[in-house]
Amino acid sequence: MADTLTITDNRTGRQYELPIQDGTIRAMDLRQIKVVPDEFGMMTYDPAFMNTAACRSAITYIDGDKGILMYRGYPIEELAEHSDFLETAFLILFGELPNPAQLDGWTREVTLHTMLHENIKKFLEGFRYDAHPMGMFLSAVGALSTFYPDAKNIFDVSSRRLQTVRLIAKVPSLAAYAYRHTIGRPYVLPDNELSFSGNFLNMLFKMTEPRYNPHPVLERALDVLFILHADHEQNCSTHAMRGIGSSHVDPYSALAGAAAALYGPLHGGANEAVLRMLTEIGSIQNVPGFIKRVKNGEGRLMGFGHRVYKSYDPRAKIIKRIADLVFEVTGKNPLLEIALELERIALEDDYFVSRKLYPNVDFYSGLIYQAMGFPVDMFAVLFAIPRTAGWIAQWEEMLTDSEQKIARPRQVYIGSPRRAYVSRDKRK
Ligand code: CMC
């Protein structure tokens, strides 16, 4: 069997044989298909990249029909069970699970870089008291590029490594500072004796106690949530990271753009939207009416549906289990009942079943975050912290891929043909 695709152009009767590699043809191979020699040649039209692979990647594998997610070949369920966030970040960034010495070294490196420059505090102080923490977060990440001009050396391996460590270490501090700003509390310095997630909780919630002791169940739950959110192949924000990074800008600027993409309600802002939706529904009795309105096209069931998963999102399954553990400590989130009822009805309803709409990662994560004491505004920021690992790994992979160039899609022009300029006094 030849690994080729034969295309017949019925306009000319000519045939073309295109090589197939990994189930794909190269869009550039279509360019030779022309009716007359001086025309541009055939392109593909694929709004929203529904069926276009824009890169070859060795980081994350998803099988959306079977509900499989793996980082570097390791199933997400096993990582969520046995790993912790820093180890998983190492795996995603460098390709292999660290040996004990590597893990120690990596943890020490990250821990040494958790502090922020004092001027970053002043920068954050410039925001209004009610600024959305995600707006503050993404601006502050962008501002880091001015603190580390050496980050412009993107083809210097040691510089990339340093920016990687800085970013992984500093995003929790930025996130916590943004949160403390919105509630008018003083910033809390990192505690290097605590774990990555434990220290983050410390920077968020420490009050007057001499030492903050994170609740081990909540610390572990947050860490697992971080593992689940660490990468998700070519999603909207990762695509932004790669696209912006392809201009060879520094990683802080690219990551600010990726965080901006994550902010949107169809992406990382979805769990915030889920909570607002559940609050609006208010009680179980209102669930059937809400489902009816969704089916009539009046809004979406937030936290349901996914571009890639056409079965239960494997992350949502793990999150549901974590929710039970967290609620044992914090007490049940009163919105849980509404969420469970929405899920029950939606999974039986032909509208959702026929469209293969299942709960995604965001359906239950917001309930956990809320029970842990996070305000809804912080949810997208909580997503951005672990996704930083994925963004950097994908950025690095893009930079070191000899086939990648500045990202520049084509268009199908549908505007007016050439016309002569009309002077102002002659316009109708
Ligand atoms: N509620 C109701 N109907 C929906 C939903 C939903 N949540 N999602 C999709 N549909 C319908 C949509 O109306 C369309 O119906 P029809 O064929 O009759 O026009 C059909 O399902 C296909 O939808 P689509 O918009 O073409 O699907 P997409 O792949 O472009 O969208 C999505 C994927 C995630 C943007 C979408 O499912 C959605 O808006 N979900 C709600 C927001 C959400 O939970 N986002 C978080 C995604 S997971 C976290 C992340 O990766 O960021």
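Here the structure is a predicted model, which means the values were calculated and not measured.

Asks: I tried to follow the site of the ligand on my own but got confused; where do I start?
Replies: The immediate surroundings of the ligand are formed by 19 residues, with His267, Arg300, Leu301, Gly303 and Arg307 found nearest. Separating a nitrogen atom of the ligand from a backbone N or O atom of Leu266 is a distance of 3.2 Å. A distance of 2.7 Å separates an oxygen atom of the ligand from a polar atom in the side chain of Arg307. In the complex, 74% of the free accessible area of the ligand, which totals 940 Å², lies under the protein chains. By residue class, the composition of the shell around the ligand is nine nonpolar, six polar and four charged.

Asks: Help me out: how do you make sense of the nonpolar core in this one?
Replies: Nonpolar side chains tend toward joint burial in soluble globular proteins. Among the nonpolar cores identified, the biggest contains 121 residues, and Phe137, Phe200, Met277, Leu278, Leu301, Leu342 and Phe374 are the most heavily contacted of them. For this core, the element with the most residues is helix H17 (residues 379–399), which contributes 14 residues. Excluding residues within four positions of it along the chain, Leu301 makes contact with Met277, Phe290, Ile291, Val294, Leu342, Ala346 and Phe352.

Asks: Any chance you could explain the domain arrangement of the protein chain here in plain terms?
Replies: Frequently, the measure chosen for interface size is the accessible area removed from exposure when the parts meet. Considered domain by domain, the protein chain is made up of domain 1 (73–266) and domain 2 (270–371). On a C-alpha basis, the centres of domain 1 and domain 2 stand 27 Å from each other. Taken together, the contacts link 16 residues of domain 1 with 19 residues of domain 2. Together, the buried faces of domain 1 and domain 2 total about 1,500 Å²; carbon and sulfur atoms form 74% of this surface. Per-residue buried area on domain 1 facing domain 2 is highest for Leu225, Leu228 and His232; these three make up 34% of the total on that side. Our count for the domain 1 to domain 2 interface comes out at zero salt bridges. At the boundary of domain 1 and domain 2, one finds three residue pairs in polar contact (both at pLDDT 80 or more). Contributions of two or more residues to the side of domain 1 that touches domain 2 are made by helix H1 (76–82) and helix H8 (216–228). The greatest single-element share of the side of domain 1 that touches domain 2, amounting to seven residues, is contributed by H8.

Asks: I'm lost on the side chain of Thr60 in this one. Help?
Replies: Assignment of secondary structure puts Thr60 in strand E3 (residues 60–63). A polar contact is formed between the side chain of Thr60 and the side chain of Asp231, at a distance of 2.5 Å. Apart from residues lying up to four places away in sequence, Thr60 is in contact with Leu69, Met70, Tyr71, Asp231, His232 and Glu233.

Thresholds, definitions, all that
Positions within a chain are numbered from 1, following the residues in the order the chain's sequence is written. Owing to the predicted nature of the model, reporting of local features is limited to residues with pLDDT of at least 70; listing and counting of side-chain atom pairs is limited to 80 or more, with chain, interface and lining totals taken over all residues. Hydrogens and water are ignored here; the side-chain numbers use all heavy atoms of the structure. Each residue is tested against the molecule or strand, and it is near if at least one of its non-hydrogen atoms lies within 4 Å. Here a polar contact is taken to be a pair of N or O atoms separated by no more than 3.5 Å, where protein atoms must pair a possible hydrogen donor with a possible acceptor and residues adjacent in sequence count only if both atoms sit in side chains. Surface accessibility in these figures is a Shrake-Rupley result with a 1.4 Å probe; residues are shielded only by whichever protein chains are displayed. Polar here means any residue outside two lists: the nonpolar Ala, Val, Leu, Ile, Met, Phe, Trp, Tyr, Cys and Pro, and the charged Asp, Glu, Lys and Arg; Gly therefore counts as polar. What is meant by a nonpolar core is a set of buried Ala, Val, Leu, Ile, Met, Phe, Trp, Tyr and Cys residues, joined one to another through side-chain atoms within 4.5 Å. Working definition: with a 1.4 Å probe on protein chains only, accessible area under 20% of the residue-type maximum means buried, over 50% means exposed, and in between means partly exposed. To qualify as a helix, a DSSP run of H or I must reach at least 4 residues; to qualify as a strand, a run of E must reach at least 2; elements of each kind are numbered from the N terminus. Any two residues whose heavy atoms approach within 4.5 Å at even a single point are treated as in contact. Bear in mind that the domain bounds are from an automatic or database domain assignment. Summed over both partners, the accessible area (1.4 Å probe) lost when two parts come together is defined as the buried area. Salt bridges are counted wherever a side-chain nitrogen of Lys or Arg sits within 4 Å of a carboxyl oxygen of Asp or Glu.

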